[in-house]
2 protein chains.
Amino acid sequence: MTFSERYDAHLTAITAALAACFGKEKRGFAFDGLLEAMDYSLMAGGKRVRPVLTLEFCRVCGGDVTAALDVACAVELLHTYSLIHDDLPCMDNDDLRRGKPTNHKVFGECTAVLAGDALQAEAFGKILRCALPAERRAACAEALADAAGIDGICGGQFMDMMGGSQRLSEEELSELQGRKTGSLLLAACRMGVLAAGGSPAQEDAACRYGAALGAAFQIRDDMLDALSTEQELGKPIGSDAANGKTTFLSLWGAEKCAAAVDRLTRAAIDAAKEFPESDFLCELARYLAGRGV
Amino acid sequence: MTFSERYDAHLTAITAALAACFGKEKRGFAFDGLLEAMDYSLMAGGKRVRPVLTLEFCRVCGGDVTAALDVACAVELLHTYSLIHDDLPCMDNDDLRRGKPTNHKVFGECTAVLAGDALQAEAFGKILRCALPAERRAACAEALADAAGIDGICGGQFMDMMGGSQRLSEEELSELQGRKTGSLLLAACRMGVLAAGGSPAQEDAACRYGAALGAAFQIRDDMLDALSTEQELGKPIGSDAANGKTTFLSLWGAEKCAAAVDRLTRAAIDAAKEFPESDFLCELARYLAGRGV
C-alpha cells in the first residue's frame, strides 16, 4: 500500500466514525441544537493528522485498527473542543476557521461553550465505553487527560493568552507550544500503542516520534503563517508577522527554523524505525515537514 | 459515630485533598494564575454533598475510603467546572456564587473558561491516575463521563439555556433537572460503589438512591429559591419567583411539591436499606429533604 492509499484508508474510516458520533442523533426538545453545533465543528474538515497517527501506531504495534477507531475519534473530539474554545470572543475572537464561520458565529457563544464542554466529556466517554479491555481503556483515557489538562492544552492556551505580545524566551515558547500543540500530537501516537497493548519500549518510541513531529509541525506552522501573511502584505520573510507574538521564526530567523525542522524530522524518523513497518510514519514526518502554505 | 461526626470526618478528608489539588502548586511563567483560578472556585466552600456520597457509598460497600478520595475529589472538580461555566456572561451571567464574586468576575472570562476546561480534564485525570485497579478506574471514569456529557450536565445546561422562559411540561422539566443536577449526584453514589468494587446489585441500589435524592434535592431547591425570593419581595409563596422559568413549584404548587419530596426521600431511604450500614445515608436523605433556606 502506498502512503496516500494508507492515509486515505485511515481517513475514510475516521471520517465515517466521526460523522456517526453526533450527526445522526436526534433527541428532541431544543436538544438537537447542541448535537448540531458539536457535529458542525467536528465535520469541518482538516487533515485528521491526530487520529491517523493513533490508527497507524495501533497498526504498527499489531493491534486491531477497527477496535482503536473510538480511541482515534476521541483524540479528534478533544482537538475539536479546543479549537471551538480557542476561537471564542474571550480568547482569540476568530470569525473564521478553515474558511467557515467559527462555532460561536453560527450557534452563539453559549452553545459554543457547551459544545466544547460536551465534546471534551464525550471524548473521554468514547474511550471509556469502547470495546477494548479495561486496562487499555484506562491507559488511553489517562494519556488523553495528560494532554488535555494543566500540563497540556489548557496550560498551553493559558500561557498563550497571558503571554500576549510580551517577548518569550526560547524555553518559554517551547514550553507553551509543547503544551498547546505538542501534547495532543504526542498523546495521539501514544494512545495508538496503548490501544494495541504495545510494550513500554514501543510507547516510548511513539512518544519520541510524537514529540519530534509536534515540535517540527509548530516551527513549520510559524514559517507558513509568516510566509502567507508576508505574501499578502508584500513584506520580507522574517519580519514581525504574528501580531507581535513571539514565534520560532522571530526568535531564530528562517534559516535556523528550516534546520530545526530537518533535525526534528530526522529524529521522528529515527523513532519510527523502531517499529518493523515504519514506511508510513517516516513518509508522514517528511510530508508534514515539507507541506506548503 | 453520629451522623455529624461521620459527615465531618468525610468533609475533613475531602477538604484537605481538594486544597492539595492546585492550591500548593507553583509552575511559574504566568501559569500560576490558572491554578489560582481553579483553586479559588474549588475552595469556595459548599456542603460537598457529592464527594461525601462517594466516600460513604465506598465505605458501606466495604471499600478503602482513603483510596476512593481521588474519585471523590474528581466529582467535586467536575461540579466546580460546571458552576464556573454556568456563571459565565454568555450563560447565567452571575456576579456572585455563595456570596463571593464568580470566577470570571475575579479572573476574567478567558481564565474562567480555561479554569473550567482544565478542571474537567483534571477530574478525569484524578481518577485515571489514582491507585485503584485499572478496571475500577475505568468504571469510575466512565460513570463520570456519563454524568458530564450530552446525557448529563452539558445536555441539561443546554436545555436550561434554550428553554428560556418558555413553559415546560413536567416531563421536560424532569429531564432537564435530571441531566443538569441529578446525573452528577447519581454518579457520585455510583462511583463510590465502583471504587469499592461493589456488586451490580449495590451499584443499582446506589443509582436508585442517587436518582431519588437528586430529584428531591431539586424540588426542595425550587421551593427554597421561591421562599427566599418571596420573603425578600413580600410576595405570597407559589407566585412566579423564578424569572418566568418553569419550576416544580410553578407546575405543582407548594403542597404537591412537599409530598413529592417526602415520597422521594422515602424511596432514597428504601434504596439505602439494601446496604448493611445505612444509617448515615438515611439521615442524609432526611437532612437534605428538610434543609432550610
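Look a little higher up for the structure.
Keep in mind the model is a prediction, meaning the values are calculated, not measured.

Caption draft 1: Up close: helix α2 (residues 32–42) of chain B. All of the buried residues in α2(B) are L34(B), L35(B), A37(B), M38(B), Y40(B), S41(B) and L42(B). Residues of α2(B) that are buried sit in contact with α8 (153–163) of chain A together with α1 (3–22), α4 (69–87), β2 (100–101), α5 (103–107) and α6 (109–128) of chain B.

Caption draft 2: Representation of empty space enclosed by the protein in the model. In total, this model carries 5 cavities of 30 Å³ or more according to the counting rule given. For the largest cavity, the calculated volume is near 130 Å³. Residue lining of the largest cavity: 14 residues in total, with S41(A), I84(A), D87(A), R97(A) and N103(A) positioned closest to the centre. Of the residues forming the lining of the largest cavity, the biggest block, 4 residues, is contributed by helix α4 (residues 69–87) of chain A. Taken together, the residues of the lining of the largest cavity break down into 5 nonpolar, 5 polar and 4 charged. When its volume is computed, the second largest cavity comes out at roughly 110 Å³. Together, Y40(B), S41(B), A44(B), L83(B), I84(B), D87(B), R97(B), R98(B), K100(B), P101(B), T102(B) and N103(B) line the second largest cavity.

Caption draft 3: Structural detail: helix α9 (residues 170–196) of chain A. Residues and elements named next belong to chain A. Across its 27 residues, α9 extends 36 Å between first and last C-alpha, which sits within 8% of the 39 Å expected from 1.5 Å per residue. At G182, α9 shows its strongest bend, of approximately 50°. In terms of residue burial, α9 counts as a mostly covered element, since 19 of its 27 residues are buried. G197, located one to two residues past α9, shows a positive phi value of around 70°.

Caption draft 4: Examining the relation of the copies chain A and chain B more closely. In the superposition of chain A on chain B (RMSD 0.0 Å, axial shift 0.0 Å), the rotation amounts to 180°. When the rotation and shift are considered jointly, the pair of chain copies conforms to a two-fold rotation axis. The rotation axis passes nearest to the C-alpha of A138(A) in chain A, at a distance of 2.5 Å. The share of interface residues of chain A whose copies in chain B are also at the interface is 100%, consistent with both copies meeting through the same surface.

Caption draft 5: How the structure looks around the side chain of R59(B). Residues and elements named next belong to chain B. By secondary structure assignment, the location of R59 is in helix α3 (residues 49–60). For R59, the side chain forms a polar contact with the side chain of E56, separated by 2.9 Å. Among residues more than four places away in sequence, those in contact with R59 are R6, V65 and E277.

Caption draft 6: Representation of unusual backbone geometry in the model. With a phi close to 60°, R48(A) is a non-glycine residue in the positive phi region. Structurally, R48(A) can be placed in the loop between α2 (32–42) and α3 (49–60). Notably, R98(B) is not glycine yet its phi reads approximately 50°, a positive angle. Relative to the helices and strands, R98(B) resides in the loop between β1 (96–97) and β2.

Caption draft 7: Layout of the interface of chain A and chain B. Taken together, the 52 residues of chain A in the interface contact 52 residues of chain B. Taken over both partners, the interface formed by chain A and chain B buries close to 4400 Å², and the fraction arising from carbon and sulfur atoms is 73%. Here chain A and chain B share 4 salt bridges between them. Close ionic contact of E142(B) with R137(A) constitutes a salt bridge, the shortest N to O distance being 3.9 Å. Our count for the contact surface shared by chain A and chain B stands at 8 residue pairs in polar contact (both at pLDDT 80 or more). Listed by contribution, the elements that provide at least two residues to the side of chain A that touches chain B are α2, α4, α6 (109–128), α7 (134–148), α8 and α9 of chain A.

Calculation criteria
- Residues numbered from 1 in each chain as written.
- Chains lettered and ligands numbered in written order.
- Predicted model: local features only at pLDDT ≥ 70, side-chain atom pairs only at ≥ 80, totals over all residues.
- Heavy atoms only, no water.
- Buried < 20%, exposed > 50% of the residue type's maximum accessible area, 1.4 Å probe, protein only.
- Helix = DSSP H or I, 4+ residues; strand = E, 2+ residues; numbered from the N terminus.
- Contact = heavy atoms within 4.5 Å.
- 1 Å grid on protein atoms, 1.4 Å probe; cavity = no way out; pocket = protein on both sides within 12 Å on 5 of 7 lines; lining within 4 Å.
- Points joined across faces, edges and corners; volume = space filled by probe spheres on them.
- Nonpolar A, V, L, I, M, F, W, Y, C, P; charged D, E, K, R; others polar.
- Expected span 1.5 Å × (residues − 1).
- Bend = angle between axes of the 7 residues up to and from the residue.
- Least-squares fit on C-alpha atoms with pLDDT ≥ 70 in both.
- Polar contact = N/O pair within 3.5 Å; in protein donor to acceptor, adjacent residues only side chain to side chain.
- Buried area = accessible area lost by both parts, 1.4 Å probe.
- Salt bridge = Lys/Arg side-chain N within 4 Å of Asp/Glu carboxyl O.

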